[in-house]
Amino acid sequence: MRDTIKKVLIVGSGPIKIAEAAEFDYSGSQALKAVREEGIQTVLVSSNVATIQTTYKMTDRLYMIPITWWAVEKVIEKERPDGIMVGFGGQTALNVGVDLWKRGVIQRYGIKVLGTPISGIERALSREKFRETMIEVGLPVPPSGSATSEEEAVKVAREIGYPVMVRVSFNLGGRGSTVAWTEEQLRRDVRRAFAQSYIGEVLIEKYLYHWKELEYEVMRDYKGNSAVIACIENLDPMGVHTGESTVISPCQTLDNYEYQEMRTRSIRVAQSIELVGECNVQFALNPYGRENYVIETNPRMSRSSALASKVTGYPLAYVAAKLALGYSLPEVINKVTGSTCACFEPSLDYVVIKVPRWDLQKFDRVENSVGTEMKSVGEVMSIARSFEEALQKAVRMLDIGEPGVVGGRIYESDMTKEEALEALKEKRPYWFLLRRQSPEGGRHARGPLGSLRAGHILREETQGPRGLLRGAQEDEEARQGHPPQGEEVGLQRLPDSQGGGEG
Amino acid sequence: MTYCKRGTKGYLYLEDGTLIEGCGFGARAVRAGEVVFTTAMNGYPESLTDPSYRGQILVITHPLVGNYGVPKKEAVEGILTNFESEKIQVAGLVVAEETEPYKWNSVMSLHEWLHSEGVPGLSDVDTRAIVKRVRTKGAMMGVISSGYEFEDPRKFLEKRYDEIDFTEFTSPKEVIVHRNRSDEVIVVVDCGIKHGILHSLYQKLGYTIVRVPCKTSADKVMEHRPVGVVFSNGPGNPNLLKEPVETYRALVEYGVPILGICLGHQIGTIALGGRIRKMKFGHRAVNKPVVDVTNNSCYISTHNHGYAILDKTDMPYGAKLWFVNPDDGTIEGWYHERYKILSVQFHPEARPGPWDTTWVFDRFGKLISP
């Protein structure tokens, strides 16, 4: 395919805003690099002057115009590219791609869509189509059903199992949706919901209360070769936007079966949308059982893809662009090692934690809790050989005045247990730093892992990787119970210096 | 500044003279073995019970091990579904950090498991430094200790890994039968089979499985009137195994469809005139690519081998190239056109690892009944 393509149009991401930030500058730049290496001319549409991708050296032609279908159509008319890439500029670029296709612009000019075909993108973007597709290929989605009467609602809920979420159909923004834990509650909620619904229909959905949320990053080429580059586990349960979640990679609480089952499913999701390039697939996993559900997929470079690139060192955007040009995975050489091919799954001997950075005081009348909408303005990523070290580094570098998980303003605040629990329930930003006052009310008994005591409270509240927190807690207890005898010994002793170094 | 949460120190001695100090966990014991590392990030219950690791000290490169504890053993018709064999097979385990579990199906911690099975563990060491050493100097013998000071670790290193026939420890002493939907029989020449392979055969093909000891003659195998024979994985040096090689050669003459996996693949290679050599430090991972050269497809697969066909000139007579590792060119599988033989070096059953290549079992099924 790459022999017939002389000029490629790449749709950039435009202005930086919450949820669409510099990661799309990164993906666009990588794509430009990958395409230009092939001796193909590049045309970039991006309206943001303050990005790397709009630097004069990055692209052959640059249009600094709004990223809308009509503006891009003008560029197409003028430049007549052979191919178009819409997967490297975030959701904006993807939407423009779909718009251009629906209006027949791409077809009229005979342009090849490089990467995932538009039909696949549409299947991934529309909630209904995605659900249908998943059911078609036999992948599990959260069970749901609609009801037009109270009895019907009760019947549907019985099939699904409690707790259930009751939604009023055709009500935007999820308003009027409630959670019912028992049949009694359901009957009450359903009556109210019917009163609100114009068409007299309610939607009963399984409520994935405190299920684990996981993300897989999948690469797939036109031949169907796939590799799953990273698995990211959210410390926050379902219902918290990924951009608002504290996450850890690689996944820490999955056993082999869980990991592989979801890995295989993520590849089948990629297959079902005819992915060529990169996508991320989100799963909900029951913390007390084997069930998992496919939640959604983003058939493009996303925030988590950018994170996964940094976590693993695998250049996702670069490789995705090569795949879009018609390479197969084993043909692409891994830029990191310089000798191995891109068909592999990075294995880490470290852990990575990402913590969002909130700046809520800058926004007027903003709700002070972490939820389904993204409000964080940035994030910190830290790499370490242990969970505690990674968390400590990340918190210190948040630049919120906390020196780490211990000893800062939030740590020192004299919060009662009730207040701390309340704050956790609300899921205020930096909830993981909360710590209740010591029972005596005086100065806290402090240890290097002192603040992880919050983990104990959290256990009632969240489904994070609690084993880690509990492990740390017992660690602490063990330490206090059995102080190291005599002289402290070094971490390791190597007779000669060779091979020490890193770590 | 290390302190040991269990109050026990531990050591790892490498034959190049390196002595590494850390914390002991699991059983108080000293064990010798070949020091190898795996880069798998989860699946430690499967890895530790994999008979192919017999006689080896396993270093897990991922730093946190034990987060999800150890589940209860579950089995279908005598075939374990969540472990690879009845007990821990590794001589010792080395991790950076051994953690306490919190998981719905965990019945004990990693420490408790190792302790109950008499296997020593070593934690709080720089696993990356060990891996770098093994990678530059090649596979090494080593001695692991949990709770004991070394006086002279060299005395444990009298025999080398490559000189010991470990299948003596991993192969069953008697015939074991797993009844299935069909009464027709697949014979498994069991040199230390992973239950993952049995499970895949059992589920996918439906034949009754008869497991015979590693050193069973071809005549004894044929007494079961098998529709197909599987040569299993197993530990150690394939060049020491004379009897299974003989058996393989004779079975080829009988014309029975054969599937060889890992050690079984190596036995087959030697039987048909190929050569198996020791690799510098082997492949032990769940993220290795293999390219099917017949159609240029790429799969991510589980590897656990220290020996392999290193070169095309080492290929067995009449065999066709099937799988190659694109990174270092190791030959990972071949098939035979004249005889009905499939032979793979990697582990299509995964466990731990990706399910991308489980179709190899279906292909074997087609070989048996087209």
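As a convention, each chain's residues are numbered from 1 in the sequence order in which they are written. For naming, the first written chain is A and the first written ligand is 1, with later ones following in the order written. Restriction of local features to residues with pLDDT of at least 70 applies here, the model being predicted, together with a cutoff of 80 or more for giving and counting side-chain atom pairs; totals for whole chains, interfaces and linings are based on all residues.

1. Topic: the overall build of chain B
Alright, step 1. Starting at the N terminus, helices and strands are each numbered in turn, a helix being any DSSP run of H or I of at least four residues and a strand any DSSP run of E of at least two. A tally of regular secondary structure across chain B gives 9 helices and 23 strands.
Alright, step 2. At 20 Å, chain B has a C-alpha radius of gyration in line with the 21 Å of a compact globule built from 370 residues.
Alright, step 3. With the C-alpha coordinates aligned to their principal axes, the bounding extent of chain B is approximately 65 × 45 × 35 Å.
Alright, step 4. Once C-beta atoms are placed from the backbone, each residue is buried if 20 or more other C-beta atoms lie within 10 Å of its own, exposed if 12 or fewer, and partly exposed for counts between those two. Counting all 370 residues of chain B, 63% fall into the buried class.
Alright, step 5. Contacts are defined on C-beta atoms placed from the backbone: any two residues whose C-beta positions lie within 7 Å are in contact. Within chain B, residue pairs in contact and separated by at least 24 positions form 74% of the contacts whose partners lie at least 6 positions apart. C-alpha atoms define the radius of gyration in this analysis, and the globule rule sets the expected value at 2.2 Å times the number of residues to the power 0.38.

2. Comments concerning the packing of helix α5 (residues 118–125) of chain A against helix α6 (residues 127–136) of chain A
All names here are of chain A.
Alright, step 1. Angles run from 0 to 180 degrees between N-to-C directions of axes, and those axes are lines fitted to C-alpha atoms, restricted for helices to the stretch in contact. Between α5 and α6, whose axes approach to 5 Å, the crossing angle comes to 100°. Overall, the two elements α5 and α6 adopt an arrangement that is roughly perpendicular. In contact with Glu122, Arg123 and Ala124 of α5, α6 contributes Lys129, Phe130 and Thr133. Orientation is classified from the angle alone, with under 35 degrees giving roughly parallel, over 145 giving roughly antiparallel, 65 to 115 giving roughly perpendicular, and any other angle giving oblique.

3. Digging into the domain arrangement of chain A
Residues and elements named next belong to chain A.
Alright, step 1. In terms of domains, chain A is made up of domain 1 (7–114), domain 2 (144–206), domain 3 (212–348) and domain 4 (355–481).
Alright, step 2. With 17 residues of domain 3 at the contact, the number on the domain 4 side is 18 residues.
Alright, step 3. Taken together, the residues of the side of domain 3 that touches domain 4 break down into 6 nonpolar, 6 polar and 5 charged. Bear in mind that the domain bounds are from an automatic or database domain assignment. Amino acids are sorted into nonpolar (Ala, Val, Leu, Ile, Met, Phe, Trp, Tyr, Cys and Pro), charged (Asp, Glu, Lys and Arg) and polar (every other residue, Gly among them).

4. Things to note about the pairing of strand β23 (residues 341–344) of chain B
All names here are of chain B.
Alright, step 1. Of the two faces of β23, both are covered, the one formed by Ile341 and Ser343 as well as the one formed by Leu342 and Val344.
Alright, step 2. Two elements, strand β18 (residues 258–261) and β23, share 4 bridges in a ladder whose sense is parallel. Each residue of the ladder has a partner; that of leucine 259, found in β23, is leucine 342.
Alright, step 3. The pairing criterion for strands is at least two bridges between them, as found by DSSP. Bridge count between strand β22 (residues 331–336) and β23: 4 bridges; the pairing is antiparallel. Paired with tyrosine 335 across the strands is leucine 342, a residue of β23.
Alright, step 4. Counted along the chain from β22 to the antiparallel partner β23, the turn is 4 residues long.

5. Comments concerning the sheet that holds strand β10 (residues 212–220) of chain A
All names here are of chain A.
Alright, step 1. Reading across from one edge, β14-β13-β10-β11-β12-β15-β16 is the order of the 7 strands in this open sheet, with antiparallel pairing throughout. Since the sheet does not close on itself, it has two edges, and those belong to β14 (292–298) and β16 (378–384), each with one partner. Each neighbouring strand pair of the sheet contributes to a mean axis angle of 25°, computed without reference to strand direction.
Alright, step 2. Two strands pair when backbone bridges link them, and β10 and strand β11 (residues 226–234) are joined in this way by 7 bridges, in the antiparallel orientation. Residue pairing across strands places valine 218 opposite valine 228, the latter belonging to β11.
Alright, step 3. The strands that helix α11 (residues 316–324) touches are β10, β11 and β13 (277–285); relative to β13, the one it contacts most, it runs at about 120°.

6. Remarks on the nonpolar core
Alright, step 1. Among buried residues, those of type Ala, Val, Leu, Ile, Met, Phe, Trp, Tyr and Cys that are joined through C-beta atoms within 7 Å form a set called a nonpolar core. Residues Val11 and Met85 of chain A together with Val94 of chain B are the most contacted members of the largest nonpolar core, which totals 232 residues.
Alright, step 2. When residues of this core are assigned to their parent elements, the largest contribution, 8 residues, is made by α11 of chain A.
Alright, step 3. In this structure, methionine 85 of chain A is in contact with Val8, Ile10, Val11, Ala31, Leu114, Gly115 and Ala324 of chain A, ignoring residues within four places of it in sequence.

7. Re the environment of valine 294 of chain A
Alright, step 1. As for its position among the elements, valine 294 of chain A is in strand β14.
Alright, step 2. If we ignore the near neighbours within four places in the chain, the residues touching valine 294 of chain A are Met134, Leu139, Pro140, Val141, Arg265, Val269, Val281 and Phe283 of chain A.

8. A look at the environment of isoleucine 106 of chain A
All names here are of chain A.
Alright, step 1. Turning to its location among the elements, isoleucine 106 is positioned in helix α4 (residues 105–108).
Alright, step 2. A residue is classified by how many C-beta atoms lie within 10 Å of it, and isoleucine 106, with 22 of them, is buried.
Alright, step 3. When the C-alpha atoms of isoleucine 106 and tyrosine 314 are compared, they prove to be 31 Å apart, with 208 residues separating the residues in sequence.

9. Examining α5 of chain A
In an α-helix, one turn spans 3.6 residues, which is why side chains three or four residues apart end up on the same side.
Alright, step 1. Those residues of α5 of chain A not exposed but buried are Ile118, Gly120, Ile121, Arg123 and Ala124 of chain A.
Alright, step 2. Residues of α5 of chain A that are buried make contact with α3 (90–102), β5 (112–113), α6 and β14 of chain A.

10. Some points on the sheet that holds strand β1 (residues 9–14) of chain B
Sheet strands associate in pairs through backbone hydrogen bonding, adopting either a parallel or an antiparallel arrangement.
All names here are of chain B.
Alright, step 1. The strand order β1-β2-β12-β9-β4-β3-β13 describes a closed barrel built from 7 strands, whose pairing is mixed. With strand direction ignored, the average angle separating the axes of adjacent strands in the sheet is 35°.
Alright, step 2. Looking at chain direction, β1 and strand β13 (residues 140–146) are connected through 5 bridges and run antiparallel. Residue pairing for β13: tyrosine 11 is matched across the bridge by serine 145.

11. Points about the pairing of strand β20 (residues 297–308) of chain B
Residues and elements named next belong to chain B.
Alright, step 1. Extensive coverage of β20 is indicated by the burial of 11 of its 12 residues.
Alright, step 2. Where strand β19 (residues 277–292) and β20 come together, 10 bridges link them in antiparallel fashion. Looking at the pairing, valine 291 lines up with cysteine 298 of β20.
Alright, step 3. The hairpin turn running from β19 into β20, its antiparallel successor, is 4 residues long, and asparagine 296 in that turn takes a positive phi close to 60°.

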